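Summary of the model geometry
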Amino acid sequence: MKDIYLGTNWKMHKTISETKSYLHDLKNYLKDINFDNIKVFVIPPYTALDITKTILKDSRILYGAQNMHWMDEGEYTGEISPPLLKDFEIDLIELGHSERRRYYNENDIELNKKVKAALKYNFIPLICVGERKEEKKYGVSQEFIKLQIKTILNGVKLNDIEKELNDILWIAYEPVWAIGEKGKPATPEYIEEIHSVIRQTLKKLYNDEISNKIPILYGGSVNQENALSILNQNNVDGLFIGRAAWKANSFSNIIHQVYETFINKNSQKANQ
Ligand code: PGA
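For the structure given in this document, a descriptive report is provided here. From a predicted model like this one, the values you see are computed outputs, not experimental measurements.

**Regarding the sheet that holds strand S4 (residues 92–95)**
- Strand order in the closed barrel made by the eight strands is S1-S2-S3-S4-S5-S6-S7-S8, with parallel pairing throughout. Averaged over all pairs of adjacent strands, the angle between strand axes in this sheet comes to 25 degrees, irrespective of strand direction.
- One ladder, built from three bridges, connects strand S7 (residues 216–219) with strand S8 (residues 238–241); its direction is parallel. Bridged to Tyr218 within S8 is Leu239.
- Against the sheet, helix H7 (residues 141–152) touches strand S5 (124–129) and strand S6 (170–173), its axis set at about 150 degrees to S5.

The following block contains the structure:
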């Protein structure tokens, strides 16, 4: 059985005390979950990483930060480097979210450097890609996403990393037009089409084994109603959720729904 990945990016939300109550609640709600085949992760703001580390120390919930500079140190006011994040023992680092690209002009060449820095520091890069509504309208979404992946992974060698392959690097497909309050979720068929393009691109860059083991998550207006039908697609390995997971109980509802449908059912079958 393939692992399933379910995570949330909190964006610019949650104080330390809000983080405390969210994470205590979430841990409580997920007490009955066996995490062997399901990877749950949260991505709080930097200011909540310290308390997140403390609360999640004895838990299998993973956590990460929302962005990172590629340099170890330097005159870069306002930036956070890999060694600074190492202090918080993060598991993963989100890179290239469309809000970073849109408001802070982040580009794929910088992301390429960030991915290399993340791997050097043993953080799992969670690389976000996705077309805007313009590329979709012009019919060039697939080319656009291929170009993003090839640029971001240029010179990134995965073959010789000594780690479980599925813990090396994750990709999130997040069409920009699907994200946020004004977004409309992509249809499961459309998502599958793009995810298989991503899979093929990874196959060309690396090989069959690596491309099959890199999890490809979908993000953009995921909620309790559409989570299962999206996850039911062949090439969808997980969900990357914003608004619908910002309350611990609604995130937990999605996790339980997925767990009962895809994981528990399978393990019951295996035990029969
Ligand atoms: P959303 O955000 O689920 O609120 O649309 C998704 C994201 O930005 O990753």
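**Topic: the pattern of salt bridges**
- Here the structure, examined in full by the defined rule, presents 16 salt bridges.
- Between Lys133 and Glu134 there is a salt bridge; the shortest N-O distance is 3.7 Å.
- Given the relative accessible area of 58%, Lys133 is considered exposed.
- Each of Lys2, Arg199 and Asp237 takes part in salt bridges that share partners, so that together they form one network.

**Here we look at the packing of helix H1 (residues 16–29) against helix H2 (residues 49–56)**
- Contact pair H1 / H2: the axes reach a minimum separation of 10 Å and the direction vectors enclose 25 degrees. On the basis of the axis angle, H1 is roughly parallel to H2. Handedness of the crossing formed by H1 with H2: right-handed. Contacts between H1 and H2 involve Ile16, Thr19, Lys20, Leu23, His24 and Lys27 on the former and, on the latter, Ile51, Thr52, Ile55 and Leu56.

**Some words on the site of the ligand**
- Close contacts around the ligand come from Lys11, His97, Glu174, Ile179, Gly180, Gly220, Ser221, Gly242 and Arg243, and that covers them all.
- Side-chain polar atom of Lys11 to an oxygen atom of the ligand: 2.7 Å apart, as the coordinates give it.
- The backbone of Ser221 places a nitrogen or oxygen atom 2.9 Å from an oxygen atom of the ligand.
- In the complex, 99% of the free accessible area of the ligand, which totals 280 Å², lies under the protein chains.
- Here the residues of the shell around the ligand sort into one nonpolar, five polar and three charged.

**Considering the layout of surface pockets**
- By volume, the largest pocket amounts to about 1400 Å³.
- Looking at the largest pocket, it is lined by 40 residues, and the ones nearest its centre are His97, Ser98, Glu99, Arg100 and Tyr103.
- Breaking the lining of the largest pocket down by element, the ones donating at least two residues are helix H4 (98–104), helix H6 (133–138) and H7.
- Among the elements that line the lining of the largest pocket, the one with the most residues is H4, at seven residues.
- Across the lining of the largest pocket, the residue classes break down as 13 nonpolar, twelve polar and 15 charged.
- If you add up the space inside the second largest pocket, you get close to 230 Å³.
- Ranked by residues supplied to the lining of the second largest pocket, first place goes to helix H11 (residues 248–271) with three residues.

**Topic: the nonpolar core**
- Formed by 74 residues in total, the largest nonpolar core has its most connected members in Ile38, Ile198 and Phe251.
- Looking at this core, the element that brings in the most residues is H11, giving eight residues.
- Excluding residues within four positions of it along the chain, Ile38 makes contact with Ile4, Leu6, Ile33, Ile255, Val258, Tyr259 and Ile263.
- With twelve residues, the next largest nonpolar core counts Ile43, Ile124, Trp170 and Leu217 among its residues.

Analysis parameters
- Throughout this description, residue numbers start from 1 for each chain and increase along the sequence as written.
- Note on the predicted model: pLDDT of at least 70 is required for a residue's local features to be given, and 80 or more for side-chain atom pairs to be given and counted; whole-chain, interface and lining totals, by contrast, use all residues.
- Heavy atoms throughout the structure, all of them, feed into the side-chain values; hydrogens and water do not.
- A pair of strands is treated as paired once DSSP finds two or more bridges between them.
- Helix and strand definitions here come from DSSP, where helices need a minimum of 4 consecutive H or I residues and strands a minimum of 2 consecutive E residues; each element is numbered from the N-terminal end.
- Angles run from 0 to 180 degrees between N-to-C directions of axes, and those axes are lines fitted to C-alpha atoms, restricted for helices to the stretch in contact.
- Contacts were defined at the residue level, with two residues in contact if any of their heavy atoms lie within 4.5 Å.
- Put simply, a salt bridge is a Lys or Arg side-chain nitrogen that is within 4 Å of an Asp or Glu carboxyl oxygen.
- Note on exposure labels: buried denotes an accessible area under 20% of the residue type's maximum, exposed denotes more than 50%, and partly exposed covers the range between, all computed with a 1.4 Å probe on protein chains only.
- Note that the term roughly parallel is reserved for angles under 35 degrees, roughly antiparallel for angles over 145, roughly perpendicular for angles of 65 to 115, and oblique for everything else.
- For a crossing to be left-handed, the near helix must be turned anticlockwise from the far one by less than a right angle; the clockwise case is right-handed.
- By convention in this text, a residue qualifies as near a molecule or strand provided that one of its non-hydrogen atoms is within 4 Å of it.
- In protein, a polar contact requires one atom able to donate a hydrogen and another able to accept it; more generally it is a pair of N or O atoms within 3.5 Å, and residues adjacent in sequence count only if both atoms are side-chain atoms.
- Only the protein chains shown count as cover for residues, and the accessible areas themselves come from Shrake-Rupley with a 1.4 Å probe.
- Residues were grouped as follows: Ala, Val, Leu, Ile, Met, Phe, Trp, Tyr, Cys and Pro as nonpolar; Asp, Glu, Lys and Arg as charged; and all remaining residues, including Gly, as polar.
- Cavity means a closed set of points on a 1 Å grid over the protein atoms alone, one where a 1.4 Å probe fits but cannot get out, pocket means an open set with protein on both sides within 12 Å along at least 5 of 7 lines, and lining means a residue has an atom within 4 Å of a point.
- Grid points are joined across faces, edges and corners, and a volume is the space filled by probe spheres set on the points.
- The set of buried Ala, Val, Leu, Ile, Met, Phe, Trp, Tyr and Cys residues whose side-chain atoms join them within 4.5 Å is what this entry labels a nonpolar core.

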